[in-house]
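Architecture and fold: a report
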Amino acid sequence: DGGITQSPKYLFRKEGQNVTLSCEQNLNHDAMYWYRQDPGQGLRLIYYSQIVNDFQKGDIAEGYSVSREKKESFPLTVTSAQKNPTAFYLCASRASSNTGELFFGEGSRLTVL
Amino acid sequence: QKEVEQDPGPLSVPEGAIVSLNCTYSNSAFQYFMWYRQYSRKGPELLMYTYSSGNKEDGRFTAQVDKSSKYISLFIRDSQPSDSATYLCAMSANFNKFYFGSGTKLNVKP
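Model, not experiment: these values are computed from the prediction. (Residues numbered from 1 in each chain as written. Chains lettered and ligands numbered in written order. Predicted model: local features only at pLDDT ≥ 70, side-chain atom pairs only at ≥ 80, totals over all residues. Heavy atoms only, no water.)

All right, on to the interface of chain A and chain B then. Counting from both sides, the interface comprises 25 residues of chain A and, opposite them, 19 residues of chain B. Surface buried jointly by chain A and chain B totals about 1,700 Å² across both partners, of which 55% is contributed by carbon and sulfur atoms. Considering only the surface of chain A that becomes buried against chain B, A:Leu43, A:Gly100 and A:Phe104 emerge as the three largest contributors, covering 24% of it. Counting every contact that joins chain A to chain B gives 2 salt bridges. Salt-bridge contacts for B:Lys42 lead to A:Glu106; the nearest nitrogen and oxygen are separated by 3.2 Å. The interface formed by chain A and chain B contains 4 residue pairs in polar contact (both at pLDDT 80 or more). Elements that contribute at least two residues to the side of chain A that touches chain B include exactly strand E4 (31-38), strand E5 (42-51) and strand E9 (87-94) of chain A. With 5 residues, the single largest contributor to the side of chain A that touches chain B is E5(A). Taken together, the residues of the side of chain A that touches chain B break down into 10 nonpolar, 10 polar and 5 charged. (Contact = heavy atoms within 4.5 Å. Buried area = accessible area lost by both parts, 1.4 Å probe. Salt bridge = Lys/Arg side-chain N within 4 Å of Asp/Glu carboxyl O. Polar contact = N/O pair within 3.5 Å; in protein donor to acceptor, adjacent residues only side chain to side chain. Helix = DSSP H or I, 4+ residues; strand = E, 2+ residues; numbered from the N terminus. Nonpolar A, V, L, I, M, F, W, Y, C, P; charged D, E, K, R; others polar.)

Structure below.
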């Protein structure tokens with residue numbers, strides 16, 4: 001089945017540790033996105049990538065990093081510089097510049113202890 | 001001021017009711033408008049997609065866009081308990097970036 005796979009689904013980390021969230025898609029989509037979702041705040045854009053080897057900061061990029069070495073993969077690293085990392089993280093992809101449909105993964109819930 | 005404003009609810013209605021969900025926005029450059037449905041602890045899924053102003057109907061769902069008022073709506077007819085979810089509006093000017101509302105939580109009571 002085509003889709004977006006995020007892993008892990010749940011993750012716990014200690015303060016000061018970096019953690020990487022995986023996002024893989026087999027939809028052959030060009031664009032990929034990372035959003036953060038907090039209660040009452042909707043989805044906020046962290047990073048996005050329109051093509052391989054290129055990505056742009058979103059509205060809340062501080063404390064996060066990404067890479068886009070392959071079309072199907074867009075991992076997100078939450079660094080120790082992110083002051084409030086506990087959140088629900090959503091990865092999405094989009095087929096082309098002519099469609100507004102974002103396909104989302106199931107999300108990763110990160111909790112910092 | 002947020003780019004997109006959405007009443008968080010919760011909104012509770014009896015089964016069979018007509019539901020109206022709304023968003024307002026401030027950026028007149030937005031021309032692509034979407035509604036997503038999100039069940040608890042799941043990723044959002046696209047319900048409706050509209051370009052520019054006007055209405056679009058798909059089964060029990062109708063999306064309306066009024067660009068002059070910077071106001072969009074989603075209507076759900078004959079609401080079902082399975083419609084209970086959080087509904088997110090989203091919009092974009094050029095597909096590079098998408099702006100989401102905070103979501104309205106809907107509960108349809110049997």
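Next up on the list: the sheet that holds strand E6 (residues 54-58) of chain B. Strands in a sheet are paired, the pairing made by backbone hydrogen bonds, and the direction either parallel or antiparallel. Residue and element names in this part refer to chain B. An order of E1-E3-E8-E7-E6 is seen for the 5 strands of this open sheet, with the pairing classed as antiparallel. One side of each edge strand has no neighbouring strand; the edge strands of this open sheet are strand E1 (4-6) and E6. Between one strand and the next, the sheet's axes are offset by a mean angle of 15°, whatever the strand orientation. Strand direction decides the pairing type here: E1 and strand E3 (residues 19-25), joined by 3 bridges, are antiparallel. For Gln-6, the partnering residue across the bridge sits in E3 and is Cys-23. (Pairing = 2+ DSSP bridges. Axes fitted to C-alpha atoms, helices over the stretch in contact; angles between N-to-C directions.)

Take the state of the cysteines next. In the structure shown here, the tally under the stated rule is 2 disulfides over all chains. Note that A:Cys23 is cross-linked by a disulfide to A:Cys91, the S-S spacing being 1.9 Å. Judged by the sign of its S-S torsion, about -75°, the cystine formed by A:Cys23 and A:Cys91 is left-handed. Placement of A:Cys23 in strand E3 (residues 19-25) and of A:Cys91 in strand E9 is noted, with a sequence separation of 68 residues between them. With respect to class, A:Cys23 is no different from A:Cys91; both count as buried. In this model B:Cys23 forms its disulfide with B:Cys89; the gap between the sulfur atoms is 2.0 Å. (Disulfide = S-S within 2.5 Å. Buried < 20%, exposed > 50% of the residue type's maximum accessible area, 1.4 Å probe, protein only.)

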